[in-house]
Amino acid sequence: MKIVIYLGFVIYDLEFFMKLVIVESPTKAKTITKFVGKDYKVVSSFGHIRDLPKSKMGIDIENNFEPEYVIPDKALKTVANLKKDAKKADTIILASDEDREGEAIAWHIAQALGLGNSKSKITNSKQLPKIKRIVFHEITKSAILEALENPRDVNMKLVDAQQARRILDRLVGYEMSPFLWKKVARGLSAGRVQSVAMRLIVEREREIQKFKVDEYWSIVASLKTTDNRQETTIFDARLNKIDGKTIDKLEIKNKDEADKILSELEGAEYLITDVKQRESKKNAPKPFTTSTLQQTANRWLGFSAKQTMMVAQRLYEVGLITYMRTDSLNLSNTFLENARDYLSGNLGEKYALKSPRLFKTKSKGAQEAHEAIRPTEAGKTPETANIADNNQARLYKLIWQRALASQMPEAVVSNTTIDINAVNSPYQFRATGQVLKFDGYLKIYPEQSKELELPDVKKEEKLDLIKLAPEQHFTKPPARYSDAGLVKILEQHGIGRPSTYAPTISTIIVRNYVNRDDNKKLAPTEIAFVVNDLLVEHFPQIVDYEFTAKMENDLDDIAHGEKEWRPVISEFYHPFHKNLKDKDNKLNKKDIMPEETSNEKCDKCGASMIIKTGRYGKFLACGAYPDCKNIKGMEKSKSETEGGSDNEEIEKLKEKYKDEKCEKCGEAMLVRNGKYGPFFGCSGYPKCKTIKNIGEGGGGTGVKCPNCGKGEIVQKRSKRGVFYACNQYPDCKNAYWGKPTGDKCPDCEALLVSGKDDSVKCSAKGCEYAK
């Protein structure tokens, strides 16, 4: 409110804020401002305003791990503004997020504003404004007003748990990183949870490398019902049993064995020996937690874990969804009632449950929030939410569908199994099919499933053979982890918590331990193998799954008030530090990073070049170092590159562009293979740093750009993977995520593009043509 004081003819307009609400983000502040009265001012701290210093460790180990917090330069102006606002308020309300990090932010704000001492909880006195802490799991008017009616103190148990995590990670990072610089390569760093994630990815890659491919065959019979019925139906059945024994997947090992079976089936008659039909139910999904949201958004929408959380954060801050860092499966009674009303009113009573379905959280550490991720209003459909941003709209739709589906009936499926004997032979075939009888929750949450309707046949019925087809297959190695797969395995091991999954994946990518391949899967770099093997052999606790999970449980215990944080830190640190010092004295860099000989000669001094490994992989260095400091890059291995480009492709490009010259210095241009695929780099590096795209030579499609009519659609690469675009960029910005086939859509005339699994679909947004 405003107080106006008259002194003669001069008017002083003094602003006096009775209540100051401090949140972390401007968007959140803007949304909350709509719900509170004029005697409130809502401001943002713009995230963290205090942290450990960047220039030093900032932890007094001798003084029982006392942290030294500082205000970063970028936050000084924000803190100054908050202090000005605080002087005008009689009540300060800390309204940061309700998880441990949010609790710590609230505490740090109070400390930075001088509203408490560094070792104890916030104190209220007559000289200082009253301090209140409010929490809410959704930014709606009712939730904010209820929170304001029920303030509490800052929860120091949660603050201590967050402090403990931050201090643990700082101790590991600041002590391990110099060791890695000294023993492996400059610029490396190690993190507590990140090192475990890196180990999982490295071990999966080794599984792939060691995998032995096996050939196997299957026999498929195309059969049709006999002609003594009005309508004949053709369906497929696979060889299932030999001499009454179900065959193993790898039973038929080669073409000779398959041909032998085909010859023995020549002239055979086919007779149905059994028909089984049963109904089964598909259970409705649970509402989203942080990990399941990240996994599903990765599989369905192609979002990375980091992207999912960024988009979800925006949806939360504008009041569309509940808090997105949670491992709880609870849904509020209000939402359950509203969901039932929406389903019965819009879809009919058969799609609504008589009583709500409740889910139990299995996670021991389910403490991040009180509810699952859901829309704040059940009736706010994706169509009526009016979300302009496409990614936000897609993620909101997924969250809305999942939450509503969790309160819908199971889907009912009719399963049919038909067993068919090849008469007078040891071979039996089986056909399986399923038909959806009642869609239930699939009405709103359409999971991918294939329907295959089999003909209505009876036991002892004869079938006509159309053809017998042998099919060759090869076993496949385990796939690299996607974001979804890594989050799932981390959660299974009990490693990390809702707030840590996305930062963990992002960190190991930024630190060059992991790249994304063409399919956005996580591939370890060369240096990841070196660092992982070093940690596994000499620092097993750092990368041990059970030990890391135990540490997470200890942090949970601190948050619950069952343990003190300083003894937990001490129990970990002292053995770790002692081992680190011991290994620092015993280990030699040449044993960890042995140099390799090469046939290359230094083009500056003529000495032999040796192969070394640095932070970004292998490179050539002059053997006469330090007299000669010449270094040269090397082609990266398949797993090192973003797209995993084949060496054959690189060799073809080298041959094609062997006469290419640098337009700046005249030196030869070399074909390099970088993070985003092949490119030209000047051979005069580091004196000349010219680089340029190979362009159409690196992936021309032969398809003329339909937009400008001049350019060709060529393959390009970005941090999101391979895409296809006009080579006349920036004059023409036409682009596609799938490879154009050259054909046009019969419905709308747009280009057709290749999709996954050899499918073809229309590139135009809104056109559903596919084949």
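Residues numbered from 1 in each chain as written. Predicted model: local features only at pLDDT ≥ 70, side-chain atom pairs only at ≥ 80, totals over all residues. Heavy atoms only, no water.

## A few points about the overall build of the protein chain
Scanning the protein chain for helices and strands turns up 18 helices and 31 strands. Counting over 771 residues, the protein chain shows a buried share of 49%. Carbon and sulfur atoms make up 48% of the accessible area of the protein chain, which amounts to about 40,600 Å² in all. (Helix = DSSP H or I, 4+ residues; strand = E, 2+ residues; numbered from the N terminus. Buried < 20%, exposed > 50% of the residue type's maximum accessible area, 1.4 Å probe, protein only. Areas by Shrake-Rupley, 256 points an atom, 1.4 Å probe, with all protein chains shown as cover.)

## Points about the sheet that holds strand β30 (residues 751-754)
Within the open sheet, the 3 strands sit side by side as β29-β30-β31. Their pairing is antiparallel. Each of the sheet's edge strands pairs with one partner strand only, and the pair in question is β29 (740-744) and β31 (760-762). Strand after strand, the sheet turns through a mean of 35 degrees between neighbouring axes, direction not considered. The pairing of β29 with β30 spans 2 bridges and is antiparallel. Note that in β30 the partner of K744 across the bridge is L751. (Pairing = 2+ DSSP bridges. Axes fitted to C-alpha atoms, helices over the stretch in contact; angles between N-to-C directions.)

## Things to note about the side chain of R165
Mapped onto the fold, R165 is located in helix α5 (residues 156-183). Assessed through its relative accessible area of 9%, R165 is described here as buried. Setting aside residues up to four positions removed in sequence, R165 forms contacts with R100, R192, R497, T500, E552 and L555. (Contact = heavy atoms within 4.5 Å.)

## A short note on the packing of aromatic side chains
Counting across every chain of the model gives 11 aromatic pairs. Through successive ring pairs, a cluster of aromatic residues spans F547, F572 and F576. Here R199 stacks its cationic end above the ring of Y545, 4.7 Å away from the centre of that ring. (Phe/Tyr/Trp six-rings, centres within 6.5 Å; stacked < 30°, edge-to-face > 60°. Lys NZ or Arg CZ within 6 Å of the ring centre and 35° of its normal.)

## A few points about the sheet that holds strand β8 (residues 130-133)
The strand order across the open sheet built from 4 strands is β4-β3-β7-β8, with neighbouring strands paired in parallel fashion. The two strands at the open ends of the sheet, each matched to only one other strand, are β4 (40-44) and β8. Pairwise comparison of adjacent strand axes, ignoring direction, gives a mean angle of 20 degrees for this sheet. Bridge analysis of strand β3 (residues 19-23) against strand β7 (residues 91-94) gives 4 bridges, and the strand direction is parallel. Bridge pairing in β7 places K19 opposite T91.

## Some remarks on unusual backbone geometry
In this chain, Y625 is followed by P626 through a cis amide linkage whose omega measures 10 degrees. Within the secondary structure, P626 is located in the loop between β20 (617-622) and β21 (631-633). We note that D243 has phi near 55 degrees; this positive angle belongs to a residue other than glycine. Within the fold, D243 resides in the loop between β10 (234-242) and β11 (245-246). At N424, a position not held by glycine, the phi torsion is positive, near 60 degrees. One can find N424 in the loop between β13 (411-422) and β14 (427-438).

## Some thoughts on the nonpolar core
If you look at the biggest cluster of nonpolar residues, it comprises 148 residues, and the most contacted ones within it are M176, L180, V184, L395, L486 and Y513. At 12 residues, α5 tops the list of elements feeding residues into this core. Grouped together as the second largest cluster of nonpolar side chains are 25 residues, W217, A221, F235 and I247 included. (Core = buried A, V, L, I, M, F, W, Y, C linked by side-chain atoms within 4.5 Å.)

## Section: the pairing of β8
Side-chain alternation along β8 places I131 and R133 on a buried face and K130 and K132 on a face that remains uncovered. As paired strands, β7 and β8 are joined by 4 bridges and run parallel to one another. Bridge assignment links I92 to a residue of β8, and that residue is I131.

## Some remarks on the environment of C662
Mapped onto the fold, C662 is located in the loop between α18 (647-656) and β22 (669-674). The exposure class assigned to C662 is buried, which follows from its relative accessible area of 5%. C662 sits 21 residues away from S683 along the chain, and the two C-alpha atoms are 8.4 Å apart. When residues no more than four places from it in sequence are discounted, the contact partners of C662 are E667, M669, C682, C688 and T690.

## Some thoughts on the packing of α5 against helix α15 (residues 545-559)
In the contact formed by α5 and α15, the axes pass within 7 Å of each other and the chain directions differ by 150 degrees. When the axis of α5 is compared with that of α15, the two are roughly antiparallel. Along the contact surface, α5 presents K157, L158, D160, A161, A164, R165 and L168, while α15 presents M551, E552, L555, I558 and A559. By residue class, the composition of the contact of α5 with α15 is 8 nonpolar, no polar and 4 charged. (Parallel < 35°, antiparallel > 145°, perpendicular 65-115°, else oblique. Nonpolar A, V, L, I, M, F, W, Y, C, P; charged D, E, K, R; others polar.)

## A word on helix α1 (residues 26-33)
K28, A29, T31 and I32 are the residues of α1 that are buried. Each buried residue of α1 sits inside an arc of 165 degrees when the element is viewed along its axis, so together they form one side. Contacts from the buried residues of α1 go to β3, β4, α4 (141-149) and α9 (305-317). (Arc of directions from axis to C-beta.)

## Description of helix α14 (residues 526-538)
For α14, which comprises 13 residues, the first-to-last C-alpha distance of 19 Å matches the rise-based estimate of 18 Å (1.5 Å per residue) to within 8%. Considering only its buried residues, α14 is in contact with α5, α6 (192-210), β17 (522-524), α16 (565-586), α17 (589-592) and β19 (608-614). (Expected span 1.5 Å × (residues − 1).)

## Comments concerning the pattern of salt bridges
Two side chains carrying opposite charge are able to pair once their charged atoms lie near each other. Enumeration according to the criterion identifies 41 salt bridges in this entry. D169 is the partner of R192 in a salt bridge, and the nearest nitrogen-oxygen pair spans 2.9 Å. Of this pair, R192 sits in helix α6 while D169 sits in helix α5; the two residues are 23 residues apart in sequence, bridging distant segments of the chain. Using a relative accessible area of 3% as the deciding quantity, one classes R192 as buried. Close ionic contact of R516 with D483 constitutes a salt bridge, the shortest N to O distance being 2.6 Å. Linking R516 in strand β16 (residues 514-516) with D483 in helix α12 (residues 483-493), this pair joins segments that are 33 residues apart in sequence. By the burial criterion, R516 is buried, and D483 matches it. Residues joined by salt bridges that share partners form a network here, namely R165, D169, R192 and E552. (Salt bridge = Lys/Arg side-chain N within 4 Å of Asp/Glu carboxyl O.)

## Observations regarding the state of the cysteines
Tallied over the entire structure, the rule returns 0 disulfides. Its sulfur unpaired, C622 is 3.4 Å from the next cysteine sulfur, which belongs to C605. The thiol sulfur of C662 is not disulfide-bonded, and the nearest other cysteine sulfur, from C688, lies at 3.8 Å. (Disulfide = S-S within 2.5 Å.)

## Digging into the confidence of the model for the protein chain
Detailed reading of the predicted model is not advised wherever pLDDT is low. Chain-level pLDDT for the protein chain is 87 on average; 90% of the residues reach the 70-or-more range. Every residue in residues 1-14 scores below 50 in pLDDT, and together they form 19 contacts with partners more than four places removed in sequence or on other chains. Across residues 638-646 the pLDDT falls below 50, and counting only partners more than four positions away or on other chains, this stretch makes 34 contacts in the model. (pLDDT = per-residue confidence, 0-100.)

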